[in-house]
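Residue strings, one per chain:
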Amino acid sequence: MEQEVRVRFAPSPTGPLHIGGVRTALYNFLFARKMGGKMILRIEDTDQTRFVPGAEEYIQEALKWCGIELDESPWTGGPHGPYRQSERKPDYMQYALQLVEEGKAYYAFDTPEELDAMRERLKAARVATPQYNAITRMQMKNSLTLPEDEVKARLESGDPYVIRIKIPRKEEVRLNDMIRGWVMVHSATLDDKVLMKSDGMPTYHLANIVDDHLMKITHVIRGEEWLPSAPLHVLLYEYFGWKDSMPRFAHLPLLLKPDGNGKLSKRDAEKHGFPIFPLEWTDPATGEKVDGFREEGYLPEAFLNFLAFLGWSPGTNDEMFNLEELINTFTIERIGKSGTKFDIDKAKWYNQQYLRKRSDEELGQMLQSQLKQNGIEATPETATRVAVEVKERAVFPADLWKEGAVFFVRPTAYDESVAQKKWNEEAANIISGFKDALKTLGQVNAETAKNTLNEVLEKNNVKIGRVMQAVRLALTGAGSGPDLMNIIEIVGKEETVARLEQALQTLQTK
Ligand code: GLU
């Protein structure tokens, strides 16, 4: 029987989930669904000093908003729980001790001052990257250098210690990354990383490997920033004797700044005024609040499609893929190696496309809620009608209101430059005639309004092009906008007449 695919997204609750993290979650999810496997979420909270309250809830809400479903997680439970590393704490020590017993790891008692002194010594000797490694470890205070009874005494008396991995001095560590191919690293470049900290907590490296093994993870899909740690992880699998069931690795390309120079950061987002978090986030320490994609009006399906294409492509020119299509088309092989530039205009384009795909009723409801916020009452029919009228001009739901406001509110001002150019005696005369003619009608619709205007124009021998913008200015206050006759039909005769009258009174003719 084929082995079941099991992937995991393993965020640390150290702040709001960044867009890169959501992409990692998405690729894991797409792969799991494509392969008929399981998507697991594990909270990696072993570094208590970096814990940020609210971050875990944020992760949960963000994934839910985008539609990334979890088969096993702290919130859904599952057969391999608990899914928070802090709750798995009692289990890690035995694995570290197993390595110590087998001579693959050791106790180290060095104080922070001693570690600093070692680094200083190495720097003075012009060692570029001072490391605790096969050579330096022999000058430090650890269970490889201290007499056995001293080690025992120190452990018994409760001296603070860490457990470090004993990296082999000369070994080629190899891993076959699904995106990058073979990655080879010489063990001499690795340092004896801490596996257990002095507070009894495992480090990321130990906990991550032990849990991936216990949770039967088959594929590790994660950001490129973890590639330097991967050789250490391979060694750990080897040391534990788990090499045969070691997951396959796929390290995703970086998300780059819009100009392609360097990694995308929160500062870039601030500078260019685009969101970088899926949802709004209030920093619990400073109270500072930033909007997310959701609050800026991005639709989850547009956000997902946009994200999927930040590093992956189907190999065709098609760009519109809903979740189901993404699942069907997704392969790890089609993820690129090089970084992907972050292009917010593309996100907007997707949003526009997906907004247009929403049903007329949904668009109406979106507009309706904007109207409510602005204290305007409208029937669902009118809201829907207006939303459909302006949807081609909208990128975000809020644009339905911005573009559609002319249907609900009388102009409070008139565009100065349009008035300068287009408002004149001739226009005022036509508008006045149009207004009087409208008054004689019963109900107006787009067609009768148009016919009426044409009659007035003909009578005065004026071509429509000469006055159209003035009519628009009178009705909407602006020089461009939705179809005028539709505006008249929707606002109705009384309101049209009132607007024309207001314009005639307010605007000066030259
Ligand atoms: N906890 C790590 C992170 O915050 C997980 C890295 C991994 O997927 O191995 O990204």
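Attention here is on the structure that accompanies the text. (Residues numbered from 1 in each chain as written. Predicted model: local features only at pLDDT ≥ 70, side-chain atom pairs only at ≥ 80, totals over all residues. Heavy atoms only, no water.)

1. Some words on the sheet that holds strand β4 (residues 162-165)
Right, on to step 1. One open sheet accounts for three strands, arranged β3-β4-β7; its pairing is antiparallel. The open sheet has two edge strands, β3 (105-108) and β7 (194-196), and neither has a second partner. Strand-to-strand, the axes of this sheet are offset by a mean angle of 40°, without reference to chain direction.
Right, on to step 2. Sheet analysis places β3 next to β4, joined by four bridges and oriented antiparallel. Looking at β4, one finds that Tyr107 is bridged to Ile163. (Pairing = 2+ DSSP bridges. Helix = DSSP H or I, 4+ residues; strand = E, 2+ residues; numbered from the N terminus. Axes fitted to C-alpha atoms, helices over the stretch in contact; angles between N-to-C directions.)

2. Concerning the pairing of strand β5 (residues 172-177)
Right, on to step 1. Here β5 shows a buried face lined by Val173, Leu175 and Asp177 and an unburied face lined by Glu172, Arg174 and Asn176.
Right, on to step 2. Bridge analysis of β5 against strand β6 (residues 181-186) gives six bridges, and the strand direction is antiparallel. Each residue of the ladder has a partner; that of Asp177, found in β6, is Gly181.
Right, on to step 3. Between β5 and the antiparallel strand that follows it, β6, lie three residues. (Buried < 20%, exposed > 50% of the residue type's maximum accessible area, 1.4 Å probe, protein only.)

3. Some remarks on the site of the ligand
Right, on to step 1. Near the ligand the following residues occur: Arg8, Ala10, Ser12, Glu44, Tyr204, Asn208, Arg222 and Trp226.
Right, on to step 2. Separating a nitrogen atom of the ligand from a backbone N or O atom of Ala10 is a distance of 2.8 Å.
Right, on to step 3. With respect to the ligand, the side chain of Glu44 contributes an N or O atom lying 2.6 Å from a nitrogen atom.
Right, on to step 4. For the ligand, whose free accessible area comes to 290 Å², the fraction covered by protein is 84%.
Right, on to step 5. A per-class count over the shell around the ligand returns three nonpolar, two polar and three charged. (Near = heavy atom within 4 Å. Polar contact = N/O pair within 3.5 Å; in protein donor to acceptor, adjacent residues only side chain to side chain. Areas by Shrake-Rupley, 256 points an atom, 1.4 Å probe, with all protein chains shown as cover. Nonpolar A, V, L, I, M, F, W, Y, C, P; charged D, E, K, R; others polar.)

4. As for the packing of aromatic side chains
Right, on to step 1. Considering all chains together, one arrives at 21 aromatic pairs under this definition.
Right, on to step 2. Each ring, one from Tyr95 and one from Trp242, has its centre 5.8 Å from the other, and the planes form 70°; the classification is edge-to-face. Taken as a pair, Tyr95 in helix α3 (residues 89-101) and Trp242 in the loop between α7 (230-240) and β9 (248-252) lie far apart in primary sequence, 147 residues in all. For the residue pair Tyr95 and Trp242, the accessibility class agrees, reading buried in each case.
Right, on to step 3. With 4.4 Å between their ring centres and 45° between their planes, Tyr204 and Trp226 make a pair best called tilted. Of this pair, Tyr204 sits in helix α6 (residues 204-214) while Trp226 sits in the loop between β8 (219-223) and α7; the two residues are 22 residues apart in sequence, bridging distant segments of the chain.
Right, on to step 4. Counting every residue linked through ring pairs, the aromatic cluster contains Tyr27, Phe309, Trp312, Phe321, Phe330, Trp349 and Tyr350.
Right, on to step 5. For the cation-ring pair, Lys346 lies above Tyr350, with the distance from its terminal atom to the ring centre recorded as 5.9 Å. (Phe/Tyr/Trp six-rings, centres within 6.5 Å; stacked < 30°, edge-to-face > 60°. Lys NZ or Arg CZ within 6 Å of the ring centre and 35° of its normal.)

5. As for the packing of helix α1 (residues 19-34) against helix α9 (residues 300-308)
Right, on to step 1. Packing of α1 against α9 brings their axes to within 10 Å, and their N-to-C directions diverge by 85°. As judged from the angle between their axes, α1 and α9 are roughly perpendicular. Along the contact surface, α1 presents Ile19, Val22, Arg23, Leu26 and Tyr27, while α9 presents Phe303, Leu304, Phe306, Leu307 and Ala308.
Right, on to step 2. Looking at the contact of α1 with α9 residue by residue, the class counts come to nine nonpolar, no polar and one charged. (Parallel < 35°, antiparallel > 145°, perpendicular 65-115°, else oblique. Contact = heavy atoms within 4.5 Å.)

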